[in-house]
Amino acid sequence: MDEDHTREDPGSEDSFFRWDEEATLLSDLMEDAPHQTEDEKLMLLVEGLQTPFADEGKLLKKQIAETLVPTVNRVKASYKALEDKVDPSYGKGIVLFNQGCKDIDETMYEQQIDLQEAFQKTQGRVTQLFEELKEEYAIRDQLWADLKESIDDIGIIS
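Everything quoted here is computed from the prediction, not taken from an experiment. (Residues numbered from 1 in each chain as written. Predicted model: local features only at pLDDT ≥ 70, side-chain atom pairs only at ≥ 80, totals over all residues. Heavy atoms only, no water.)

Scanning the protein from N- to C-terminus turns up four helices and zero strands. Traced from its N-terminal end to its C-terminal end, the protein shows the element sequence α-α-α-α. Within the structure as shown, the protein displays about 14900 Å² of accessible surface, and the carbon and sulfur contribution to it stands at 60%. (Helix = DSSP H or I, 4+ residues; strand = E, 2+ residues; numbered from the N terminus. Areas by Shrake-Rupley, 256 points an atom, 1.4 Å probe, with all protein chains shown as cover.)

Following this line, the structure appears as structure tokens:
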């Protein structure tokens, strides 16, 4: 007979002690473990990992709660303190003062740029005027030299 038909129900007590053929007894004794497909092995592995992952998830949730709850409480307390202790008109005044300071700062920066440009133009003009002055001094000196020579030629002043 066939091997599957010779055994009784695997759940009964007698199934381990009755074999019709010696080959059936030998094959049952030589079998290491029930054959499992790769998918079944993976499913067993996944099932084995579910508990550690669930435990780790609970631990992480606890750590997150321990971190976030004090933070949320601190933020709530800060908002409450702001509502109770901060004067809105004072805050608006600070904002207006800050804006005024920024406007003055921007104006002063623009004036500084204008002043630097004017200074550079003036410095260039002064340099140019000094060059012209040197030329004029050279012309004056030449005129004096020519005048002195002319006077010496005439002989008026000796």
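Let's pick the thread back up.
Let us look at the pattern of salt bridges. In total, this model carries two salt bridges according to the counting rule given. One salt bridge connects Asp84 with Lys80, and the closest N-O pair in it is separated by 3.3 Å. Taken together, the residues Asp84 and Lys80, both in helix H3 (residues 38–85) and four residues apart, mark about one turn of the helix. (Salt bridge = Lys/Arg side-chain N within 4 Å of Asp/Glu carboxyl O.)

For the rest of this paragraph, the subject is a nonpolar patch on the surface. Taken together, the side chains of Leu42, Leu45, Leu49 and Phe53 make up a nonpolar region of the molecular surface, amounting to roughly 420 Å² of accessible area. Position of Leu45 relative to the elements: it lies in helix H3. (Patch = residues over 30% accessible without salt bridge, like charges linked within 9 Å, V, L, I, M, F, W, Y side chains within 5 Å.)

Further remarks concern helix H4 (residues 88–154). Counted at 1.5 Å a residue, the expected span for H4 with its 67 residues is 99 Å, and the 96 Å between its end C-alpha atoms agrees. With its phi angle positive at about 85°, Gly155 sits one or two positions after the end of H4. (Expected span 1.5 Å × (residues − 1).)

Moving on to a negative patch on the surface. Taken together, the side chains of Asp103, Asp105, Glu106, Glu110, Asp114 and Glu117 make up a negatively charged region of the molecular surface. On the secondary structure map, Asp105 appears in helix H4. Residue classification places Asp105 among the exposed positions, given a relative accessible area of 54%. (Lys, Arg positive; Asp, Glu negative; His and termini not counted. Charge placed at Lys NZ, Arg CZ, Asp CG, Glu CD. Buried < 20%, exposed > 50% of the residue type's maximum accessible area, 1.4 Å probe, protein only.)

Here the focus is H3. Here H3 contains 48 residues, and its C-alpha end-to-end distance of 68 Å stays within 8% of the 70 Å for a straight helix at 1.5 Å per residue. The largest bend in H3 comes to about 30°, at Gln50, with the proline Pro52 one to four residues further on. (Bend = angle between axes of the 7 residues up to and from the residue.)

Scored by pLDDT, the protein has a mean of 81; 76% of the residues are at 70 or more. Within the model, the stretch residues 1–15 combines pLDDT values under 50 with 14 contacts to residues more than four positions away or in other chains. (pLDDT = per-residue confidence, 0-100. Contact = heavy atoms within 4.5 Å.)

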